[in-house]
Amino acid sequence: MTSNSLLVAETIWTEIQSTRSVTDDQLSILHILFGKNLERASRIVDQRGVKKISGEPSGRSIFQITGESKRKEEYLCFPEHYCACYSFFYDIVNKGEQLCCKHQLAARLAVSLGTYVDVKVSDEQLAFLLAKL
């Protein structure tokens with residue numbers, strides 16, 4: 001994927017965030033860019049599987065995404081840069097075949113739609129969580 005694809009995706013996320021809704025045209029473009037990962041991310045968002053964990057008083061945050069498997073594993077991610085899942089390392093970092101994993105997509109979609117679960121913790125608790133990365 002090219003940097004042009006990233007620019008197109010960023011434009012779409014911004015448009016969705018401004019209206020808090022997704023048009024069919026936007027969905028079509030995102031599907032072209034992200035394929036099946038978009039469908040999987042949408043299911044995660046629909047199941048309220050995206051939590052934004054914010055430290056107080058700093059306001060720093062990370063997302064915790066509940067996976068689709070029966071085990072309901074939770075993955076920590078920074079939507080634009082990193083996910084702790086296997087797919088991130090295999091498909092994005094190692095092979096360069098994807099722009100991002102379904103967990104990152106779920107976080108971006110939930111942020112754009114305003115549908116994530118907001119969790120407040122102390123900065124100390126957030127630091128402990130981040131130390132697990």
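Read on for an overview of the structure. Residue positions are counted from 1 within each chain, in the order its sequence is given. Where totals are concerned, whole chains, interfaces and linings use all residues; where local detail is concerned, this predicted model gives features only for residues with pLDDT of at least 70, and gives and counts side-chain atom pairs only at 80 or more. Calculation of side-chain values draws on the structure's entire complement of heavy atoms; hydrogens and water are dropped beforehand.

### Observations regarding the sheet that holds strand β5 (residues 117–122)
So, point 1. Two strands pair if DSSP finds at least two bridges between them. Counting from the N terminus, the helices are the DSSP runs of H or I reaching at least four residues and the strands are the DSSP runs of E reaching at least two. An order of β4-β3-β2-β1-β5 is seen for the five strands of this open sheet, with the pairing classed as mixed. A strand with exactly one partner marks an edge of an open sheet, and here the two such strands are β4 (82–83) and β5.
So, point 2. Summarising the sheet, strand β2 (residues 61–66) and strand β3 (residues 74–78) pair through four bridges and their orientation is antiparallel. The residue of β3 that forms the bridge with I65 is Y75.
So, point 3. Every residue pair with non-hydrogen atoms within 4.5 Å of one another is taken to be in contact. Orientation is described by axes fitted as lines to C-alpha atoms, over the contacting stretch for helices, and by angles from 0 to 180 degrees between their N-to-C directions. Across the face of the sheet, helix α6 (residues 123–131) comes into contact with β1 (50–56), β2, β3 and β5 while running at roughly 105 degrees to β5.

### Considerations on the packing of helix α1 (residues 3–19) against helix α5 (residues 102–113)
So, point 1. It is at 7 Å that the axes of α1 and α5 come closest, and there the two elements cross at 35 degrees. Facing α1, whose interface residues are E10, W13, I16 and Q17, α5 presents L105, R108, L109, V111, S112 and L113.
So, point 2. Residues were grouped as follows: Ala, Val, Leu, Ile, Met, Phe, Trp, Tyr, Cys and Pro as nonpolar; Asp, Glu, Lys and Arg as charged; and all remaining residues, including Gly, as polar. In terms of residue class, the contact of α1 with α5 is made up of six nonpolar, two polar and two charged.

### What to know about the nonpolar core
So, point 1. Residues W13, L30, F34, V50, I65, C83 and A106 are the most contacted members of the largest nonpolar core, which totals 28 residues.
So, point 2. Those elements that place two or more of their residues in this core are α1, α2 (24–34), α3 (36–46), β2, β3, α4 (86–94) and α5.
So, point 3. In terms of residue count, α5 provides more of this core than any other element does, five residues in total.
So, point 4. Core analysis: the second largest hydrophobic core is formed by six residues, I53, I62, L76 and L129 among them. What makes a nonpolar core is a set of buried Ala, Val, Leu, Ile, Met, Phe, Trp, Tyr and Cys residues whose side-chain atoms join them at distances within 4.5 Å. Note on classification: 1.4 Å probe, protein chains only; a residue is buried when its accessible area is under 20% of the maximum for its type, exposed when over 50%, partly exposed between these limits.

### Describing the pattern of salt bridges
So, point 1. Salt bridges are counted wherever a side-chain nitrogen of Lys or Arg sits within 4 Å of a carboxyl oxygen of Asp or Glu. For the structure shown, the criterion picks out seven salt bridges.
So, point 2. Taking the shortest distance from any N to any O, the salt bridge between K102 and E68 comes out at 3.2 Å. Taken as a pair, K102 in helix α5 and E68 in the loop between β2 and β3 lie far apart in primary sequence, 34 residues in all.
So, point 3. Residue classification places E68 among the partly exposed residues on the basis of a relative accessible area of 25%.
So, point 4. Note that D118 is salt-bridged to K120, the shortest N-O span being 3.5 Å.

In short, the description is geometric, and any link to function would need to be established separately.
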